[in-house]
Amino acid sequence: MSSTAEPATSRPERTWLVSEHLDDVLGRLRPLDPIELHLLEAQGCVLVEDVTVPVALPPFDNSSMDGYAVRVADVAAASEEFPAVLTVIGDIAAGSGELPRVGPGEAARIMTGAPLPPGAEAVVPVEWTDGGSGGGPASGMLAHSAAPEGAGGEVRVHRPAAARAHVRARGSDVGAGELALSAGTVLGAPQISLLAAIGRATVRVRPRPRVVVLSTGSELVPPGEPLGPGQIYDSNSFALAAAARDAGAIAYRVGAVTDDAATLRATIEDQLIRADLLVTTGGVSVGAYDVVKEALTGLGDDADGVRFRKLAMQPGKPQGFGFVGEGGRDRAPLLALPGNPVSAYVSFELFVRPAIRTLMGVEPVHRTVVSAVCPEGVASSLPGRRQFLRGRYDADENAVTPIGGSGSHLVKALAHANALIVLPEETTSLEPGGTVDVVLLD
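Residues numbered from 1 in each chain as written. Predicted model: local features only at pLDDT ≥ 70, side-chain atom pairs only at ≥ 80, totals over all residues. Heavy atoms only, no water.

K.L.:
Explanation requested: the overall build of the chain in the structure shown.
P.N.:
Across its full length, the chain carries eight helices and 27 strands. The C-alpha radius of gyration computed for the chain amounts to 33 Å, which surpasses the reference 22 Å derived for 442 residues by more than 25%, pointing to a less compact arrangement than a globule. Counting across all 442 residues of the chain, residues that qualify as buried make up 45%. Residue pairs at least 24 apart in sequence account for 72% of intrachain contacts in the chain once pairs closer than 6 positions are excluded. With the model as given, the accessible surface of the chain reaches about 21200 Å², and the carbon-plus-sulfur share is 52%. Across the chain, the 36 positively charged side chains and the 52 negatively charged ones have centroids separated by 5 Å. (Helix = DSSP H or I, 4+ residues; strand = E, 2+ residues; numbered from the N terminus. Rg over C-alpha atoms; globule rule 2.2 N^0.38 Å. Buried < 20%, exposed > 50% of the residue type's maximum accessible area, 1.4 Å probe, protein only. Contact = heavy atoms within 4.5 Å. Areas by Shrake-Rupley, 256 points an atom, 1.4 Å probe, with all protein chains shown as cover. Lys, Arg positive; Asp, Glu negative; His and termini not counted. Charge placed at Lys NZ, Arg CZ, Asp CG, Glu CD.)

Rendered as structure tokens:
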């Protein structure tokens, strides 16, 4: 009696856990190589070097107010009734080089940020003086160009000032040789401000990943154009490009590609030159027009090519991952996501966002997960699948409420959600008031 081997196509396909697929994705990615970038180009990037301060900040004692630089003893007894009368010896503006020395009975008119002149021990705000007018308290200084005589004559000071009053000391922000920013810092506006303030024009960073987003489907029409019979608007490419930007990437959205394998293959090959990561949506299920599998066959080598698998999750059961391109700079990882809008977005949050953060070399890689009470409960959940429901999380109450149903097409519910409610594989329902894990999306 002879036996016949079972055809490979008839063997049951293994179902992957969410954690297995995620581990496979992240385990095969590495942070992008560091590069030197100018400050504004480095915004959103991760610093890969410790930056120390070459010179103190501020580099010299300077005034924190518009007013007069004085000696403390000269204004110690000043009052409204008996003001101290001082001789004004000139102006000191921000950026002034040569500074006049302030002697006994003298004052120099000084502007905010201007260096404290030798001999001066404090600054009295102009509002504490007559501004050189000979009258009552001044509300401000006249522009030098309009009243150059303000730099001379006399000024009456109506209040005393303590030593170092309204003086920003050299190094009071950060001293020379101190650590300004440590490696691993994500560079936002405040960090770039600090780098510029200490004189750094460029920094060594991991660049923001370039993520190319392609949606597939002959039925997809760009927003703003009229719909024909059987057509819908392409929302996935917009949603995922925006999500990639939120994650820290530079996102390139490609218009929807028709259900033609050759066209999709050519589009992907064209995009490889500018992609650190490619993301496709649609065409990964088992339908006759799901051409992503067909198109991606042969685009990578045998070991690292894109593989498609079923995951024990809802929504987002069909997924694909692997590398496309022939190697070198044109070889890039690709994540193939399902086409239903909610499935695509949930898949992005679970797999693509961590991939982007891994390429950036930044922590945390994953969204924050909290445990919260679900007052309404969940009536049913498919056994054997990890379910992700859209929810509205209230931090004050530490409670989460499901929004909409479980359908993968319910975009409105997704737009009003700020969290994903996670029901484990073994959970088939959740009693009202039960506790669940919640993935925070804000």
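K.L.:
What is the right way to read the packing of helix H1 (residues 18–27) against helix H7 (residues 341–360) from this model?
P.N.:
If you want to describe how two helices pack, look at the angle between their axes and the distance between the axes. Look at H1 against H7: their axes get within 10 Å of each other, and the N-to-C directions meet at 25°. As judged from the angle between their axes, H1 and H7 are roughly parallel. Relative to H7, the crossing made by H1 is right-handed. Counted together, Val18, His21, Leu22, Val25 and Leu26 of H1 and Leu350, Phe351, Pro354, Ala355 and Thr358 of H7 form the full contact between these two elements. Taken together, the residues of the contact of H1 with H7 break down into eight nonpolar, two polar and no charged. (Axes fitted to C-alpha atoms, helices over the stretch in contact; angles between N-to-C directions. Parallel < 35°, antiparallel > 145°, perpendicular 65-115°, else oblique. Left-handed = near helix turned anticlockwise from the far one by under 90°. Nonpolar A, V, L, I, M, F, W, Y, C, P; charged D, E, K, R; others polar.)

K.L.:
Could you clarify how one ought to interpret the sheet that holds strand S18 (residues 277–281) in this entry?
P.N.:
The strands making up a sheet are joined through hydrogen bonds of the backbone, oriented either antiparallel or parallel. Read from one edge to the other, the open sheet built from seven strands follows the order S1-S19-S21-S22-S18-S14-S17, with strand pairing classed as mixed. Of all the strands in the sheet, the pair left with one neighbour each is strand S1 (15–16) and strand S17 (250–257). Where H7 meets the sheet, it contacts strand S14 (210–216), S18, strand S19 (307–311), strand S21 (318–324) and strand S22 (332–337), and its direction lies at approximately 165° from that of S22. (Pairing = 2+ DSSP bridges.)

K.L.:
Can you walk me through the sheet that holds strand S13 (residues 202–206) in this structure?
P.N.:
Strand order in the open sheet made by the three strands is S2-S13-S3, with antiparallel pairing throughout. A single partner strand is all that each edge strand has here, and the edge strands are strand S2 (35–38) and strand S3 (46–47).

K.L.:
Please explain unusual backbone geometry as it appears in this structure.
P.N.:
Only a minority of non-glycine residues have a phi that is not negative, and only a minority of peptide bonds are not trans. In this model, Leu57 is joined to Pro58 through a cis peptide bond whose omega is -5°. Relative to the assigned elements, Pro58 resides in the loop between strand S4 (51–52) and strand S5 (62–63). With an omega of -5°, the peptide bond between Gln314 and Pro315 qualifies as cis. Positive phi outside glycine occurs at His166, with the angle close to 60°. A relative accessible area of 26% places His166 in the partly exposed class. The residue Asn398 is not glycine, and still its phi comes out positive at about 50°. Mapped onto the elements, Asn398 comes out in the loop between strand S24 (386–394) and strand S25 (399–402).

K.L.:
Got a minute to help me understand the nonpolar core in this structure?
P.N.:
Here is a general trend for soluble globular proteins: nonpolar side chains tend to be buried in one another's company. Val211, Leu277, Met313, Leu335, Phe348, Val352 and Ile356 are the most contacted members of the largest nonpolar core, which has 45 residues in total. Breaking this core down by element, the ones donating at least two residues are H1, S14, helix H4 (236–247), S18, S21, S22, H7 and strand S26 (419–423). Apart from the residues within four sequence positions on either side, Val211 is in contact with Ala244, Ala249, Ile250, Ala251, Tyr252, Leu277, Val279 and Ile356. With 19 residues, the next largest nonpolar core counts Val212, Leu272, Ala275 and Ala336 among its residues. (Core = buried A, V, L, I, M, F, W, Y, C linked by side-chain atoms within 4.5 Å.)

K.L.:
Quick question: what am I supposed to make of the pairing of S19 here?
P.N.:
Remember that side chains alternate between the two faces of the sheet whenever the strand is regular. One ladder, built from two bridges, connects S1 with S19; its direction is parallel. Bridge assignment links Thr15 to a residue of S19, and that residue is Lys310. Where S19 lies against S21, four bridges are found, and the strand directions are antiparallel. Each residue of the ladder has a partner; that of Lys310, found in S21, is Pro318.

K.L.:
How do you make sense of the packing of aromatic side chains when you look at a structure like this?
P.N.:
How two aromatic rings sit relative to each other is set out by the distance from centre to centre and by the angle between their planes. With the rule as written, the count across this model stands at one aromatic pair. One Lys or Arg, Arg14, reaches over the ring of Trp16 and ends 4.2 Å from the middle of that ring. (Phe/Tyr/Trp six-rings, centres within 6.5 Å; stacked < 30°, edge-to-face > 60°. Lys NZ or Arg CZ within 6 Å of the ring centre and 35° of its normal.)

K.L.:
Can you walk me through the environment of Glu36 in this structure?
P.N.:
Structurally, the position occupied by Glu36 is in strand S2. Placed 166 residues apart in sequence, Glu36 and Thr202 show a C-alpha to C-alpha distance of 6.4 Å. Discounting residues that sit within four places of it in the chain, Glu36 has contacts with Arg200, Thr202, Val203 and Arg204. Here the side chain of Glu36 touches Thr202 through a polar contact of 2.8 Å, side chain to side chain. (Polar contact = N/O pair within 3.5 Å; in protein donor to acceptor, adjacent residues only side chain to side chain.)

K.L.:
What should I look at first to understand the packing of H4 against H7 in this one?
P.N.:
Relative to each other, H4 and H7 sit at 30°, their axes nearing to 10 Å. With respect to H7, the element H4 is oriented roughly parallel. Here H4 runs over H7; the crossing is right-handed. Packed against H4, whose contacting residues are Asn236, Leu240, Ala243, Ala244 and Ala247, the element H7 presents Pro341, Ala344, Tyr345, Phe348, Arg353, Ile356, Arg357 and Met360 at the interface. Split by residue class, the contact of H4 with H7 holds 10 nonpolar, one polar and two charged.

K.L.:
Hey, could you run me through the pattern of salt bridges in this one?
P.N.:
Should the charged atoms of two oppositely charged side chains come close, the side chains can pair. Throughout the structure, instances matching the rule amount to 14 salt bridges. In this structure, the salt-bridge partner of Arg210 is Asp276, at a minimum N-O distance of 3.1 Å. Of this pair, Arg210 sits in strand S14 while Asp276 sits in the loop between helix H5 (261–271) and S18, placing them 66 residues apart in sequence. Residue Arg210 is classed as partly exposed on the basis of its relative accessible area, which comes to 23%. Among the residues examined, Asp276 registers a relative accessible area of 17% and is labelled buried. Between Glu349 and Arg367 there is a salt bridge; the shortest N-O distance is 2.8 Å. In this pair, Glu349 sits in helix H7 while Arg367 sits in the loop between H7 and strand S23 (369–374), placing the two residues 18 residues apart along the sequence. Summarising the burial analysis for this pair, Glu349 and Arg367 share the class buried. Through salt bridges with shared partners, a single network forms among Asp24, Arg28, Asp304, Arg309 and Arg331. (Salt bridge = Lys/Arg side-chain N within 4 Å of Asp/Glu carboxyl O.)

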